[in-house]
Amino acid sequence: MATGVAVFLSTVDVANAATTVKFWHTFSKSQGEALNKIIDKFEAANPDIDIEAEFVGDYNDVVSKLQAAIPARRAPDAVILEVTRYGLFANNNILIDLAPYFDADPLKTDLYDYAREVGVINGKNFIVPFNSSTPVVYINKDIFERAGLSPETPLKTFADISAAAKTISDKLGSEGISGIAAPGQFARWGVVMANDSELVDPASGAILLDKPNTIEAYQWMASLVHDQKVASPDGVTDEDKGRDAFLAKKVGIMMNSTGNYGGSKKALGDALAVRPMPCNKTCSVPIGGAGIGILASSSKDVQAAAYKFISFAASPDANASWFAATGYMPINKKSADLPVVKEALATQLGIDVAINSLPVAHGRARTTVVTWMRATEYKMWEAMALGQRPVDEAMKDFAQQTRDEEKRVSN
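Residues numbered from 1 in each chain as written. Predicted model: local features only at pLDDT ≥ 70, side-chain atom pairs only at ≥ 80, totals over all residues. Heavy atoms only, no water.

**A few points about the sheet that holds strand β2 (residues 49-55)**
Each strand in a sheet pairs with its neighbour through backbone hydrogen bonds, running either in the same direction (parallel) or in the opposite one (antiparallel).
Thinking step 1. One open sheet accounts for five strands, arranged β2-β1-β3-β12-β6; its pairing is mixed. Edge positions in the sheet fall to β2 and β6 (128-133), since each has one partner strand and no second. With strand direction ignored, the average angle separating the axes of adjacent strands in the sheet is 20°.
Thinking step 2. Relative to β2, strand β1 (residues 19-25) is paired through seven bridges, and the arrangement is parallel. By the bridge assignment, K22 is partnered in β2 with E52.
Thinking step 3. Helix-sheet contacts for helix α2 (residues 29-45) involve β1, β2 and β6, and the interaxial angle to β2 is about 165°. (Pairing = 2+ DSSP bridges. Helix = DSSP H or I, 4+ residues; strand = E, 2+ residues; numbered from the N terminus. Axes fitted to C-alpha atoms, helices over the stretch in contact; angles between N-to-C directions. Contact = heavy atoms within 4.5 Å.)

**Some remarks on empty space enclosed by the protein**
Thinking step 1. This structure, assessed with the given rule, holds one cavity of 30 Å³ or more.
Thinking step 2. Lining the largest cavity are A181, A182, P183, G184, E239, R243, M254, M255 and N256.
Thinking step 3. Broken down by secondary-structure element, the contributors of at least two residues to the lining of the largest cavity are α13 (239-247) and β9 (251-257).
Thinking step 4. A per-element tally of the lining of the largest cavity places β9 first, with three residues.
Thinking step 5. Here the residues of the lining of the largest cavity are counted per class, giving five nonpolar, two polar and two charged. (1 Å grid on protein atoms, 1.4 Å probe; cavity = no way out; pocket = protein on both sides within 12 Å on 5 of 7 lines; lining within 4 Å. Points joined across faces, edges and corners; volume = space filled by probe spheres on them. Nonpolar A, V, L, I, M, F, W, Y, C, P; charged D, E, K, R; others polar.)

**What about the pattern of salt bridges?**
Thinking step 1. Throughout the structure, instances matching the rule amount to 21 salt bridges.
Thinking step 2. Across the salt bridge formed by D270 and K265, the nearest N and O atoms sit 3.9 Å from each other.
Thinking step 3. Residue D270 is classed as exposed on the basis of its relative accessible area of 67%. (Salt bridge = Lys/Arg side-chain N within 4 Å of Asp/Glu carboxyl O. Buried < 20%, exposed > 50% of the residue type's maximum accessible area, 1.4 Å probe, protein only.)

**Some remarks on the environment of E145**
Thinking step 1. Here E145 lies in helix α8 (residues 141-146).
Thinking step 2. A residue is classified by how much of its surface remains accessible, and E145, at 48% relative accessible area, is partly exposed.
Thinking step 3. Sequence spacing of E145 and I168 is 23 residues, and the spatial spacing of their C-alpha atoms is 9.4 Å.

**Let's talk about the sheet that holds strand β10 (residues 272-275)**
Thinking step 1. On the basis of which strands lie adjacent, the open sheet formed by four strands has the order β8-β9-β7-β10 and mixed pairing. Looking at strand neighbours, the two that pair on one side only are β8 (178-180) and β10, the edges of this open sheet. On average, each strand axis in the sheet is inclined to that of its neighbour by 30°, with strand direction left out of account.
Thinking step 2. Alignment of β8 against β9, held across two bridges, turns out to be parallel. Counted as the bridge partner of S178 is V251 from β9.
Thinking step 3. Across the sheet, helix α9 (residues 158-172) is in contact with β8 and β9; its angle to β8 comes to roughly 165°.

**Overview of the nonpolar core**
Thinking step 1. One finds V128, F130, I168, I180, Y218 and M255 to be the most contacted residues of the largest nonpolar core, which totals 134 residues.
Thinking step 2. A total of eight residues in this core trace back to one element, the largest contributor, which is helix α11 (residues 212-226).
Thinking step 3. Once residues within four sequence positions are removed from consideration, V128 is found in contact with L98, F102, L107, L111, G291, I292, Y307, I310 and A314. (Core = buried A, V, L, I, M, F, W, Y, C linked by side-chain atoms within 4.5 Å.)

Spelled out as structure tokens, the structure:
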């Protein structure tokens, strides 16, 4: 009799056990707290699903750790992947095509056009956006005023930004204050687009690293560090140091993701102002951020549970709370009508800049080689910004290396 009861109880336990979805993500500190609140709400509404969330580092860390985990059979079930890097996994049958789920989901019609497009490669849908962004220009109004500049100083061209950064460095450099943070990679892509070019053509996949406008954009960015000396070299070798210096009120201007709004507002308070990226030759900004994909190695029931979470995370309520807490752009058209979004727009000045940039925002190439190109770009940028190599020579070499790598991965 005891044996029969034990068997019955074990059967009940199995039947009631939650489906566990192992989820890798890139959010820590306040962003991690905002994500955990979304997960808690999802699990409360879906007690049969347990989201086992794990912070694994930044976007680059996700790529390297996923590459190591797959052959070792330690891969997660769902993973945050940056919008230009997921092609490496989608094109190698590591991610499932979400179209069967997405096409049957009412969510599909609720998402903005850019949010529906950014996860698609060759007609297949591999990620659904979670955190979407564009680069913006952050300024410290107090530093501007102390340097004798109006916070409304035009920053529409590269020359405008150079002039403001030089004034700040000249006036306040003795206090350890720099004019501008060395641009991080996302901002560098945005600067290239503002100069009417691209790194990789999003439609054809053509490598554009050695095009004149691309080279010109890198020459200007490198000059901020090496020639004009208005940006600290520390932010070149570790771009987080540039961001951290801005948060520490040691930098006047920072070009960075709208996803940095929450942290910047907390650090600077009313001294923070947010401006659009420059329109040097054209107004054009990249769509950044990441989306959630599902691993083909997971079982069908886990895949279904993972998609249920993806859909919830992109729902109006979850997306609205995420926007208000982080500054990442709304991806759901219905989010704007919710009180938390209206309150954020009314009280958090500048949080709407990225939203207003959407008419000139564009998705970027997501071919397999882009992941390699982005990993290699860091060292190329370092050599240029620190004056170790001429920019035109380095970019032409970089372009050829990227074309060679593209041939290698396509064979």
